[in-house]
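What the coordinates show
Spelled out from the first residue to the last, the chains are:
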Amino acid sequence: MTIVVFVGALLLAMAMGIPIAFSLLASGVALMWHLDLFDAQILAQNLIGGADSFPLLAVPFFMLAGEIMNVGGLSRRIVDFALALVGHVKGGLGYVTIMAGCLLSALSGSAVADAAALTALLLPMMVKAGHDKSRAGGLIAATGVIGPVIPPSIGLVIFGVAANVSISKLFLAAIVPGILIGAALWLTWAFLVRREKIVPPPRKSAAEILTALRKALWALMLPVIILVGLRMGVFTPTEAAVVAAVYALFVSAVIYREISWRDLYGIFVAAAKTSAIVMFLIAAAMVSAWLITVADLPSKVVGLLQPFMDNKILLMAAIMVLVMAVGTAMDMTPTILILTPVLMPVVNAAGIDPVYFGVMFIINNSIGLVTPPVGTVLNVVAGVGRMSMDDVTKGVVPFMIAEFAIMFMMVLFPWLVTWPAKLFHG
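Residues numbered from 1 in each chain as written. Predicted model: local features only at pLDDT ≥ 70, side-chain atom pairs only at ≥ 80, totals over all residues. Heavy atoms only, no water.

Time to look at the overall build of the chain. From N to C terminus, the chain includes 21 helices and 0 strands. In terms of C-alpha radius of gyration, the chain reaches 21 Å, essentially the compact-globule figure of 22 Å for 426 residues. The dimensions of the chain, computed from C-alpha atoms along their principal axes, are 70 × 50 × 45 Å. Within the span of the chain, comprising 426 residues, buried residues form 54% of the whole. Relative to all contacts within the chain whose residues are 6 or more apart in sequence, the contacts with residues 24 or more apart total 79%. Accessible surface for the chain amounts to roughly 17800 Å². Of this, 69% is attributable to carbon and sulfur atoms. Computed over 23 positive and 19 negative side-chain charges, the separation of the two mean positions in the chain equals 14 Å. (Helix = DSSP H or I, 4+ residues; strand = E, 2+ residues; numbered from the N terminus. Rg over C-alpha atoms; globule rule 2.2 N^0.38 Å. Buried < 20%, exposed > 50% of the residue type's maximum accessible area, 1.4 Å probe, protein only. Contact = heavy atoms within 4.5 Å. Areas by Shrake-Rupley, 256 points an atom, 1.4 Å probe, with all protein chains shown as cover. Lys, Arg positive; Asp, Glu negative; His and termini not counted. Charge placed at Lys NZ, Arg CZ, Asp CG, Glu CD.)

On to the pattern of salt bridges. A side chain of one charge can pair with a side chain of the opposite charge if their charged atoms are brought near each other. Taken as a whole and assessed by the stated rule, the structure comprises 2 salt bridges. Put simply, Glu 258 and Arg 76 hold a salt bridge, and the shortest N to O gap is 2.6 Å. Of this pair, Glu 258 sits in the loop between helix 13 (237-255) and helix 14 (261-294) while Arg 76 sits in helix 5 (residues 74-86), and the two are 182 residues apart along the sequence. Relative accessible area serves as the criterion here: at 34%, Arg 76 is assigned to the partly exposed category. Note that Glu 258 and Arg 77 form a salt bridge whose closest N and O atoms lie 2.8 Å from each other. Of the two residues, Glu 258 is situated in the loop between helix 13 and helix 14 and Arg 77 in helix 5; the sequence distance between them amounts to 181 residues. In this structure, a network of salt bridges that share partners links the residues Arg 76, Arg 77 and Glu 258. (Salt bridge = Lys/Arg side-chain N within 4 Å of Asp/Glu carboxyl O.)

Bringing the nonpolar core into the picture now. With 146 residues, the main nonpolar core has Val 59, Phe 159, Ile 319, Phe 357, Met 360 and Val 370 as its most contacted residues. A total of 13 residues in this core trace back to one element, the largest contributor, which is helix 14. (Core = buried A, V, L, I, M, F, W, Y, C linked by side-chain atoms within 4.5 Å.)

As structure tokens, then:
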């Protein structure tokens, strides 16, 4: 009955069109009434305490870094470098999209920011070259999904805080899975584009490639600085977010000189608005997380999943299917915040590595950003690219299938995540 009250109140509030953060608060209040625990003071304390976390400072700083990179020319120079490398091959603009997406993922950690930048920069070029607009938009949307996987990742930060798992280990463990997703998109695009009659642009000379590399070098140094700093223990993930924002601002304003003092106000306001939405969502979810613990919902879920507990692979597959279903109707951040306190006791009881589970959980939630009908990234690509949602959805299907295939391959072969993770962080 407790599960029915919580889930029913949440779904009813969402069906009424109430924003997800307030829907979470409504479901929390409903659960408090059901448990005869209603107290406005407890509600307020959990709401404020939910956002009062040092690791969560990484969220606004990574948001700020992403805004600066898009306005300050870092994103464009990365795209130009990828164009110089592979733009001349058949379907080269698609490979450029995937390469640029992986590189941008290592800068901003936001699927929405990456998808918006790639759509604005590459979609017109792909359409002009003769590629099907629906397929091009689908590829860009699917590539944006890599953003929350390859570190630094806002999704991994939120999961690490909610699950009390090392964010540094999550960052380092997610590198190889992110690259595998990029490889899956590469192969899928190669299969789809083989019959297109596209005349690629001429190959860039070695001098032009070096020039593009020189221009993009400052931008490419950022992920190296972050990963080396985390691996060597120079700074924490939260401090890495500050380093990313300050470095991006320095490069944009001093090296590239594409940001002036007048631009800073708009950049900071945009980052603050996005951060406020995410942080309020986290705070509201922490009320529900506290009540989930008080109501002992995790033990009830453990009971439901008891038939799978003896087989880790079967259990992980069942959890992944559950998260896939939730991802079709709910955005990434609330899914992480709602399901993490419910699923982590199950994962711990089954003896599954929490770092492995965290990476798999975030990959699944990331792909959920391109699964209709909600699909936040689909909406971004459709809006920036001036396309209909139906066209983007039709174009993303083969790439989404490839990403789910990679995810379930890592369910069957956990060492694809655990072995590289141990290699990176010992």
